[in-house]
Amino acid sequence: MSISLSSLILLPIWINMAQIQQGGPDEKEKTTALKDLLSRIDLDELMKKDEPPLDFPDTLEGFEYAFNEKGQLRHIKTGEPFVFNYREDLHRWNQKRYEALGEIITKYVYELLEKDCNLKKISIPVDATESEPKSFIFMSEDALTNPQKLMVLIHGSGVVRAGQWARRLIINEDLDSGTQIPFIKRAVAEGYGVIVLNPNENYIEVEKPKIHVQSSSDSSDEPAEKRERKDKVSKETKKRRDFYEKYRNPQREKEMMQLYIRENGSPEEHAIYVWDHFIAQAAAENVFFVAHSYGGLAFVELMIQREADVKNKVTAVALTDSVHNVWHQEAGKTIREWMRENCCNWVSSSEPLDTSVESMLPDCPRVSAGTDRHELTSWKSFPSIFKFFTEASEAKISSLKPAVTRRSHRIKHEEL
């Protein structure tokens, strides 16, 4: 295993300091000397030799990658898949590069939702002012007017955004397995309206303003000697902190602060907001949810907060490796009973697709997604989910038929 240049230089010094600090008071002079030596080492220069600038392209072309006809990310020149360890022994730099590519992927998927899937980008909050932080969702043209069917898609937690199941799959596998696009296209083809939630877009980041704190000694009535002693301690503390910061963050990235989006500050808040302002207003007689991982927890929370409305409007819910917990979330008995009848959770399992899997919780049935990889559960259960929704629709129609038939017979008898 190779060791970075700065580590090779600093390691013996750190070892010596540790040994000296275990000694008695007479070793203080040696400690001071070693600290002075460390303070003379320009860690910025050392680290720059180890780590290139965190300056990455802002387009796929700049990274020299593109998606081929199979939806796979490939290097433009070599045709090879994405390589994470682009530079040996620079994990932090490689991670930052991966994250920069991930941000480009997010924008690319947004473009596909609008151009390939013909969805509209809708800003939220709906009554937001120009200056306040905003998020957005995506909807088909008929999402609110389709009288029959509406499909709502909710992804899990983390870095994923609207239209994605897993960034890792998009980069390392393909667009079909990592995005919601196959679900959207098939839903539209089968006559569904579509709403794509964006539950992780909870805040915007802005650069933190620099606050200049005036020294307390300026307005203090303390004796001059005491003030000088305090200032000296303060300067020493700042020097040690700066020394640590040079090693921890050699390229001094900007300090950022988060401004949360009104009524959308968490996935749970977001799901409730979209329900109240969009789904509840939709004309569809049958609403269907597909919720992955933390999206399942967000749905259960929505149901707890809007139980009667959800029961009245939602026909079936497909969960994929959902992390919800009806006990921790304190879902009542009536909710648990409804979930047993109207939900199904496709979980990660080595068993064949749709094989029943035992559950420790008294909520919805669990079946195998046909994969033991959490992030692949949505894609692998894709055909089964649409079959589940079709069967739920048919069951709902057939449950209404007997009443209609009896009524029609009565009318015919009265006419006779």
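Residues numbered from 1 in each chain as written. Predicted model: local features only at pLDDT ≥ 70, side-chain atom pairs only at ≥ 80, totals over all residues. Heavy atoms only, no water.

You'll find the chain entered in an unreviewed UniProt entry as ARB2 cotranscriptional regulator A, with Mandrillus leucophaeus given as the organism.

Trainee: What should I look at first to understand the overall build of the chain in this one?
Mentor: Counting secondary structure elements, the chain contains 15 helices and 13 strands. A buried classification covers 43% of the 416 residues belonging to the chain. Taking as baseline every contact in the chain between residues at least 6 positions apart, the subset at least 24 positions apart corresponds to 71%. Roughly 23,900 Å² of accessible area belongs to the chain as shown, and the carbon and sulfur atoms make up 51% of that amount. (Helix = DSSP H or I, 4+ residues; strand = E, 2+ residues; numbered from the N terminus. Buried < 20%, exposed > 50% of the residue type's maximum accessible area, 1.4 Å probe, protein only. Contact = heavy atoms within 4.5 Å. Areas by Shrake-Rupley, 256 points an atom, 1.4 Å probe, with all protein chains shown as cover.)

Trainee: In this structure, what is going on with the sheet that holds strand E5 (residues 149-154)? I would like to understand it.
Mentor: Sheets are built from strands that pair by backbone hydrogen bonding, the pairs being arranged parallel or antiparallel. Read across the open sheet, the nine strands follow the order E3-E4-E6-E5-E9-E10-E11-E13-E12; overall the sheet is mixed. At either end of the open sheet lies a strand with only one pairing partner, and these are strand E3 (120-124) and strand E12 (356-357). Sheet strands touched by helix H8 (residues 181-189): E5, strand E6 (192-196) and strand E9 (286-292). Its angle to E6, the strand with the most contacts, is close to 155 degrees. (Pairing = 2+ DSSP bridges. Axes fitted to C-alpha atoms, helices over the stretch in contact; angles between N-to-C directions.)

Trainee: What is the right way to look at the environment of Glu269 in this model?
Mentor: Tracing the sequence through the fold places Glu269 in helix H10 (residues 267-277). For the pair Glu269 and Ala298, spaced 29 residues apart in sequence, the C-alpha to C-alpha distance is 8.3 Å. In this structure Glu269 touches Glu263 and Asn264, once residues within four positions along its chain are discounted.

Trainee: Could you clarify how one ought to interpret H10 in this entry?
Mentor: Three or four residues apart is the spacing at which side chains of an α-helix point the same way, because the helix has 3.6 residues per turn. The buried fraction of H10 is high, at eight of eleven residues. By the burial criterion, the buried members of H10 are Pro267, Glu268, His270, Ala271, Ile272, Tyr273, Val274 and Trp275.

Trainee: Sorry, what's going on with the packing of H10 against helix H11 (residues 294-305) here?
Mentor: Helix packing geometry: the angle between the two helix axes and the distance between the axes. Relative to each other, H10 and H11 sit at 55 degrees, their axes nearing to 9 Å. With respect to H11, the element H10 is oriented oblique. With respect to the hand of their crossing, H10 and H11 are arranged in right-handed fashion. Packed against H10, whose contacting residues are Pro267, Glu268, Ala271, Ile272 and Trp275, the element H11 presents Tyr294, Leu297, Ala298, Glu301, Leu302 and Gln305 at the interface. Partitioning the contact of H10 with H11 into residue classes produces eight nonpolar, one polar and two charged. (Parallel < 35°, antiparallel > 145°, perpendicular 65-115°, else oblique. Left-handed = near helix turned anticlockwise from the far one by under 90°. Nonpolar A, V, L, I, M, F, W, Y, C, P; charged D, E, K, R; others polar.)

Trainee: Could you clarify how one ought to interpret H8 in this entry?
Mentor: Every buried residue belonging to H8 is among Ile181, Pro182, Phe183, Ile184 and Ala187, and all of these are buried. A positive backbone phi angle near 90 degrees is found at Gly191, which sits one or two residues after H8.

Trainee: Explain the packing of aromatic side chains to me, please; I cannot follow it from the model alone.
Mentor: Two numbers describe a pair of aromatic rings. These are the distance of the centres and the angle of the planes. Throughout the structure, instances matching the rule amount to 22 aromatic pairs. Between the aromatic rings of Phe56 and Trp93, the centroid separation amounts to 5.3 Å while the plane-to-plane angle is 55 degrees, which identifies the pairing as tilted. With Phe56 in the loop between helix H3 (43-50) and helix H4 (60-63) and Trp93 in helix H5 (residues 91-115), this residue pair connects regions lying 37 residues apart in the sequence. Judged by its relative accessible area of 19%, Phe56 falls in the buried class. (Phe/Tyr/Trp six-rings, centres within 6.5 Å; stacked < 30°, edge-to-face > 60°.)

Trainee: Could you clarify how one ought to interpret the side chain of Glu375 in this entry?
Mentor: On the secondary structure map, Glu375 appears in the loop between strand E13 (366-368) and helix H14 (377-380). Of the polar contacts made by the side chain of Glu375, one reaches the side chain of Arg373; its length is 3.2 Å. Here Glu375 is in contact with Ala166, Arg168, Leu169 and His292, once residues within four sequence places are set aside. (Polar contact = N/O pair within 3.5 Å; in protein donor to acceptor, adjacent residues only side chain to side chain.)

Trainee: Is there a simple way to think about the pairing of E5 in this case?
Mentor: Successive side chains on a regular strand alternate, one facing one side of the sheet and the next facing the other. Summarising burial for E5: six of the six residues are buried, a large majority. Both faces of E5 are covered, namely the face carrying Lys149, Met151 and Leu153 and the face carrying Leu150, Val152 and Ile154. Bridge analysis of E5 against E6 gives five bridges, and the strand direction is parallel. Bridge pairing links Lys149 to Tyr192 in E6. Summarising the sheet, E5 and E9 pair through six bridges and their orientation is parallel. Residue pairing in the sheet places Leu150 in a bridge with Val287 of E9.

Trainee: I would appreciate a short explanation of the packing of H11 against helix H13 (residues 333-342) in the present structure.
Mentor: Between H11 and H13, whose axes approach to 10 Å, the crossing angle comes to 130 degrees. When the interaxial angle is binned, H11 and H13 end up oblique. Crossing handedness for the pair H11 and H13: right-handed. In this structure, H11 contributes Phe299, Val300, Met303 and Ile304 to the contact, and H13 contributes Ile335, Trp338 and Met339. Here the residues of the contact of H11 with H13 are counted per class, giving seven nonpolar, no polar and no charged.

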